[in-house]
Amino acid sequence: GQQLNQSPQSMFIQEGEDVSMNCTSSSIFNTWLWYKQDPGEGPVLLIALYKAGELTSNGRLTAQFGITRKDSFLNISASIPSDVGIYFCAGRMNTGNQFYFGTGTSLTVIP
Amino acid sequence: GAGVSQSPSNKVTEKGKDVELRCDPISGHTALYWYRQRLGQGLEFLIYFQGNSAPDKSGLPSDRFSAERTGESVSTLTIQRTQQEDSAVYLCASSLGRSTGELFFGEGSRLTVL
């Protein structure tokens, strides 16, 4: 099946630092989503992207839909302890119903 | 309710038994997804329902897995003759429709097969 490569796999950063993570696919997607998952809970939607080149912000989070339509990026500025969790990208092709999920980026913020 | 509701939150069963997991989507959401998440891993698509259309079952791993949904309401995921490799968190998500693309997840049902 479709593989989404998400990197980095894990990150350990100091509070206040900025964070960048990305996701690449072998196929063209028409929708990219970014989720955060805390332990024992379901993923929570952070940002949804629908157009190549689109740049969307949600507070300190900014995500971009890559112009090739095969990648997406998530940036978190001025990290705080509550940013800790696992971040997943997800994408969907023009045909088909499922969203393919990346393997996740585990973020640890050191106070 | 305001969000996607799943039950049970935790289920421990013996190998070979059948289990049924329930998902109550957000009211008005016509699309419903089931995903499986093994420990420390990403989400694997299982099945998709959209309104009264035939479900997309392309992600079901074996014929021991089945799911039903009546109209745009509750869905149940059934696993027959459970195996230890079925141990995982089963997540349900709903969305307004395929075109919107935004999935809202429940908290999941954690299944442990002994």
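Everything below is about the structure printed above this text.
Residues numbered from 1 in each chain as written. Chains lettered and ligands numbered in written order. Predicted model: local features only at pLDDT ≥ 70, side-chain atom pairs only at ≥ 80, totals over all residues. Heavy atoms only, no water.

### Examining the pattern of salt bridges
Residues and elements named next belong to chain B. Note the cut-off: For this document, the term salt bridge refers to a Lys or Arg side-chain nitrogen within 4 Å of an Asp or Glu carboxyl oxygen. Using a 1.4 Å probe on the protein chains alone, a residue whose accessible area is under 20% of its type maximum counts as buried, one over 50% counts as exposed, and one in between counts as partly exposed.
Throughout the structure, instances matching the rule amount to six salt bridges over all chains. The partner of Lys-17 in a salt bridge is Glu-14, and the shortest N-O contact between them spans 3.8 Å. Residue classification places Lys-17 among the partly exposed positions, given a relative accessible area of 45%. Among the salt bridges present, the one from Glu-44 reaches Arg-38, with a minimum N-O distance of 3.5 Å. When salt bridges with common partners are traced through the structure, they connect Arg-36, Arg-38 and Glu-44 into a single cluster.

### Topic: the side chain of B:Arg36
Counted only if it meets this: In this description a helix means any DSSP run of H or I spanning at least four residues, a strand means any run of E spanning at least two, and both kinds are numbered starting from the N terminus. By definition, residues are in contact when any of their heavy atoms lie within 4.5 Å.
Mapped onto the fold, B:Arg36 is located in strand β4 (residues 31-37). Those residues within four positions of B:Arg36 in sequence are excluded, and the remaining contacts are B:Gly42, B:Leu43, B:Glu44, B:Leu46, B:Pro61, B:Phe65, B:Glu85, B:Asp86, B:Ala88, B:Val89 and B:Tyr90.

### Structural notes on the state of the cysteines
One way to say it: the disulfide is the covalent bond shared by the sulfur atoms of two cysteines. Counted only if it meets this: Any two cysteine sulfur atoms lying within 2.5 Å of each other are counted as a disulfide.
Tallied over the entire structure, the rule returns two disulfides over all chains. Here A:Cys23 connects covalently by a disulfide to A:Cys89, the sulfurs 1.8 Å from one another. Within this pair, whereas A:Cys23 is found in strand β3 (residues 19-25), its partner A:Cys89 is found in strand β9 (residues 85-92), the two being separated by 66 residues in sequence. Residue A:Cys23 is classed as buried on the basis of its relative accessible area, which comes to 0%. Note that B:Cys23 is cross-linked by a disulfide to B:Cys92, the S-S spacing being 1.9 Å.

### What about the sheet that holds strand β1 (residues 5-7) of chain B?
Residue and element names in this part refer to chain B. Threshold: In this description, strands pair whenever DSSP reports at least two bridges between them. Interaxial angle, 0 to 180 degrees, is taken between N-to-C directions of lines fitted to C-alpha atoms, where a helix line uses only the stretch in contact.
Judged by pairing direction, the sheet is antiparallel, and its four strands sit side by side in the order β1-β3-β7-β6 without closing on themselves. Among the strands making up the open sheet, the edge pair consists of β1 and β6 (65-69). Looking at each pair of strands side by side, their axes are set apart by 15° on average, direction ignored. Sheet analysis places β6 next to strand β7 (residues 75-79), joined by five bridges and oriented antiparallel. Bridge pairing links Arg-69 to Ser-75 in β7.

### Some remarks on the pairing of strand β11 (residues 105-110) of chain A
Residue and element names in this part refer to chain A. Side chains of β11 alternate between two faces, with Thr-105, Leu-107 and Val-109 buried and Ser-106, Thr-108 and Ile-110 left unburied. Here five bridges tie strand β2 (residues 10-14) to β11, and the two strands are oriented parallel to one another. Bridging across to β11, Phe-12 finds its partner in Thr-108.

### Some details on the packing of aromatic side chains
Spelled out, the test is: The aromatic pairing rule takes the rings of Phe, Tyr and Trp, using the six-membered ring of Trp, and pairs them if the centres are within 6.5 Å, calling planes under 30 degrees apart stacked, those over 60 edge-to-face and the rest tilted.
Applying the stated criterion to the full structure yields 11 aromatic pairs over all chains. Both rings, one in A:Phe29 and one in A:Tyr100, keep their centres 6.2 Å apart while their planes meet at 5°; by these two values the pair is stacked. Here A:Phe29 is found in the loop between β3 and β4 (31-37), whereas its partner A:Tyr100 is found in strand β10 (residues 100-101), with 71 residues between them in sequence. On the basis of relative accessible area, A:Phe29 is assigned to the buried category, the value being 0%. We classify A:Tyr100 as buried; its relative accessible area is 17%. Centre to centre, the rings of B:Tyr35 and B:Phe105 are 6.1 Å apart; their planes meet at 55°, and the pair counts as tilted. Here the residue B:Tyr35 occupies a position in strand β4, and B:Phe105 occupies one in strand β9 (residues 104-105), the gap between them amounting to 70 residues. When sorted by exposure, B:Tyr35 lands in the same class as B:Phe105, which is buried. Grouped by ring-pair contacts, the aromatic residues A:Tyr35, A:Phe99, A:Phe101, B:Tyr33, B:Tyr35, B:Phe45, B:Tyr48 and B:Phe105 constitute a single cluster.

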